[in-house]
Amino acid sequence: MQMKYKSTRGKAKEVSAAQAIVKGIAEDGGLFVPERIPAISDSEFAAMINEGYRKRAERIFAIYLTDFTSEEIADCVNKAYSVEKFGSDNAAPLHKLSDSEYILELWHGPTCAFKDMALQILPHLLTKSMKKTGVDKQVVILVATSGDTGKAALEGFSDVEGTKIMVFFPNDGVSNIQRLQMVTQKGENVNVMSVFGNFDDAQNGVKQIFGNEEFAKKIAEKGYQLSSANSINWGRLLPQIVYYISAYCDMVKMGEITFGEKVNVCVPTGNFGNILAAWYAKSMGLPIAKLICASNENNVLTDFINTGVYDRNRGFKTTISPSMDILISSNLERLLYNLSDEKSVEKYMNELKETGKYEVSDKIKEEISTLFEAGYVDDAGTKAEIKRVWEKYCYLIDTHTAVACAVNNMLADGRKTIIASTANPFKFNGSVYEAISGSCGETDEFVILDKLSAMTKNEVPTSLSELKSKSPRFNDCCKKEEMEKMVAEFLA
Ligand SMILES: *Cc1c(COP(=O)(O)O)cnc(C)c1O
């Protein structure tokens, strides 16, 4: 049966998966959601237990991408989750920490963080979707980044046929390693440029380019069409459903649980994408008891899950888990839609826009409280957790993963829990080193990498250590008013 996609705000027409991926966001401002969430049959589960990551991914993709052939899906999956890209056949291996804590390592991709899980496959889904929907243009991806997403997008799109990508980052606002990761990016179709100013300047510049119809026409004549690799694209959410199902299958295969036994899933959350993927997996029949939503001090979601009131009117805090420093969790809209209807979603989203706040109905509150639990920790609690896990298990976790581990401890009910680990600890080396050694007193990240490695006998990932000796390919910095001109020159 064909799977169609609807808008969460109900005012756009239904589209195919390929169209949803090409469009990214619906015309009425809503997010695309599948019209139904199919259950995985027991026989399919049984088959998956003995399969590898890529085969499992092919099965899940086939359920949602009914306008793709199985050859096309296999091609996307094999290109994305290769041994070359993820270091082994299992792109998302499970590490048993204790009898109840299972760490799902989502950071074995090229940039050492979990966004690779989606951004390695999105370019292939996107180029195939463009062909299917009759778009014969080359796609041009524009990204404004405060660090990690830009690099993950560059790695994903690098040398993918039919695409070009340009990333802008704020001149003052990314770490030295983050900058080096981007400016040394390989690929014939990539361009990277810094912008004088902060992240908002870069982001506003990109938004202006997207909103400029004249510019779109001009580049269309040259055979180009702009697109974003935004975290609300269905093509980024779908790949994330796979690893929860895969992790459960691995637990059965390892003999840790029997098939059907319920586990908890705990996710360090920002945009609500990663934990929503776990909710989809649960809705497809994966035996999940509780979904545990872990936040840092930007704890909008903790309050929302515990009270039903979403209130972004609060100070923004800069924490040591920066990828979760978010006050508007865009993907929450998809959950609200599935727990209510498009009318309510529209009302809540309008309230959010106008007052920065909304309160959901009692019915939604009740459903949320049966599905989710939520908690948060501050930076001190995060560091203490890194130290505890290191000293107790000799296992190094990054700051984001530590937020999840700490919250899981606070809420633990004895059930076996899959804890999503979203970054390699060396990626956030300064805070991790400080957490286990007490103090850092060092600012050169390459020195910290070596110190952390020597202290823990863990190897620095090559993709980070090699940066020191690589020469930058992209050295230019532009003014924010010049960004459009820079894109035009890149496409000339
Ligand atoms: C993006 C990110 C998160 C948050 O994921 P969401 O899908 O936005 O909830 C957590 N940890 C790391 C390391 C990330 O890069």
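Everything below is about the structure shown above.
So, a few notes on the structure that sits alongside this text. (Residues numbered from 1 in each chain as written. Predicted model: local features only at pLDDT ≥ 70, side-chain atom pairs only at ≥ 80, totals over all residues. Heavy atoms only, no water.)

**Observations regarding the overall build of the chain**
Counting secondary structure elements, the chain contains 23 helices and 15 strands. With the C-alpha coordinates aligned to their principal axes, the bounding extent of the chain is approximately 60 × 55 × 50 Å. When the accessible surface of the chain is totalled, it reaches about 19500 Å², and 47% of it is carbon and sulfur. The chain carries 57 positive and 66 negative side-chain charges, and their two centres are separated by 2 Å. (Helix = DSSP H or I, 4+ residues; strand = E, 2+ residues; numbered from the N terminus. Areas by Shrake-Rupley, 256 points an atom, 1.4 Å probe, with all protein chains shown as cover. Lys, Arg positive; Asp, Glu negative; His and termini not counted. Charge placed at Lys NZ, Arg CZ, Asp CG, Glu CD.)

**Observations concerning the site of the ligand**
Around the ligand, the surrounding shell holds 14 residues, and the nearest of these are K115, G270, N271, N274 and T422. The contact in question runs from an oxygen atom of the ligand to an N or O atom on the backbone of G273, over 3.4 Å. Between an oxygen atom of the ligand and a main-chain N or O atom of N274, the distance comes to 3.0 Å. If the ligand stood free it would expose 380 Å²; the protein chains cover 96% of that surface. Across the shell around the ligand, the residue classes break down as five nonpolar, eight polar and one charged. (Near = heavy atom within 4 Å. Polar contact = N/O pair within 3.5 Å; in protein donor to acceptor, adjacent residues only side chain to side chain. Nonpolar A, V, L, I, M, F, W, Y, C, P; charged D, E, K, R; others polar.)

**A look at the nonpolar core**
Of all hydrophobic cores here, the largest spans 152 residues; its most connected members are I241, Y244 and I245. Per-element accounting of this core gives the leading share, 13 residues, to helix 12 (residues 234–253). Here I245 is in contact with I40, F45, M48, I60, A281, M284 and L286, once residues within four sequence places are set aside. Membership of the second largest hydrophobic core comes to 20 residues, among which are V195, A202, Y224 and V487. (Core = buried A, V, L, I, M, F, W, Y, C linked by side-chain atoms within 4.5 Å. Buried < 20%, exposed > 50% of the residue type's maximum accessible area, 1.4 Å probe, protein only. Contact = heavy atoms within 4.5 Å.)

**Concerning the pattern of salt bridges**
Here the structure, examined in full by the defined rule, presents 28 salt bridges. Between E72 and K132 there is a salt bridge, with the nearest N and O atoms lying 2.6 Å from each other. Here E72 is found in helix 4 (residues 70–80), whereas its partner K132 is found in helix 7 (residues 122–132), with 60 residues between them in sequence. For K132, a relative accessible area of 31% translates into the label partly exposed. Among the ionic pairs, R388 bridges to E385, the shortest N-O distance being 3.0 Å. You can see R388 and its partner E385 sitting in helix 18 (residues 379–393), three residues apart, about one turn around the helix. We classify E385 as buried; its relative accessible area is 5%. One network of salt bridges, with partners in common, ties together E44, E51 and R59. (Salt bridge = Lys/Arg side-chain N within 4 Å of Asp/Glu carboxyl O.)

**Considering helix 16 (residues 342–355)**
Given a rise of 1.5 Å per residue, 14 residues ought to cover 20 Å, and the 20 Å separating the end C-alpha atoms of helix 16 matches this to within 8%. For helix 16, the secondary structure elements touched by its buried residues are strand 11 (309–311), helix 15 (332–339), strand 12 (357–359) and helix 17 (362–371). Sitting at the head of helix 16, D341 places a side-chain oxygen 3.1 Å from the backbone nitrogen of K343. G356 sits one or two residues past helix 16 and shows a positive phi near 75°. (Expected span 1.5 Å × (residues − 1).)

**Considerations on the state of the cysteines**
A full pass over the atoms with the stated rule returns zero disulfides. In this model C405 remains outside any disulfide bridge; the closest cysteine sulfur is found in C266, 7.4 Å from its own. (Disulfide = S-S within 2.5 Å.)

**Here we look at the sheet that holds strand 5 (residues 138–144)**
Read from one edge to the other, the open sheet built from five strands follows the order 8-5-6-7-15, with strand pairing classed as parallel. Of all the strands in the sheet, just strand 8 (224–227) and strand 15 (477–478) have a single pairing partner and so form its edges. Note that strand 5 and strand 8 share four bridges and pair parallel. Looking across to strand 8, one finds that V139 is bridged to Q225. The sheet contacts of helix 9 (residues 176–183) involve strand 6 (163–170) and strand 7 (190–195), and relative to strand 6 the element is tilted by about 155°. (Pairing = 2+ DSSP bridges. Axes fitted to C-alpha atoms, helices over the stretch in contact; angles between N-to-C directions.)

**Here's the deal with the side chain of S329**
Here S329 shows up in the loop between strand 11 and helix 15. Given a relative accessible area of 6%, S329 falls into the buried group. At 2.8 Å, the side chain of S329 and the backbone oxygen of G270 are in polar contact. The contact partners of S329, leaving out residues within four places of it in the chain, are G270, N271, F272, L301 and Y310.

**With respect to empty space enclosed by the protein**
Here the structure, examined in full by the defined rule, presents one cavity of 30 Å³ or more. The space that makes up the largest cavity amounts to roughly 40 Å³. For the lining of the largest cavity, the class distribution of residues is four nonpolar, no polar and three charged. (1 Å grid on protein atoms, 1.4 Å probe; cavity = no way out; pocket = protein on both sides within 12 Å on 5 of 7 lines; lining within 4 Å. Points joined across faces, edges and corners; volume = space filled by probe spheres on them.)

**Describing the pairing of strand 9 (residues 263–268)**
Of all six residues in strand 9, six are buried; the element is thus mostly enclosed. Burial of the side chains of strand 9 extends over both faces: V263, V265 and V267 are buried on one face and N264, C266 and P268 on the other. Handedness of the crossover is the feature at issue here: the chain leaves strand 9, passes through helix 13 (residues 273–283), returns alongside strand 10 (residues 288–295), and the resulting connection is right-handed. Bridge analysis of strand 9 against strand 14 (residues 417–421) gives three bridges, and the strand direction is parallel. The residue bridging C266 from the neighbouring strand is I419, located in strand 14. (Right-handed = clockwise from strand over helix to strand, strands pointing away.)

**Quick word on the environment of M410**
Counting through the fold element by element, M410 comes out in helix 19 (residues 399–411). Distance from M410 to Y376, taken between C-alpha atoms, is 9.2 Å for residues 34 residues apart in sequence.

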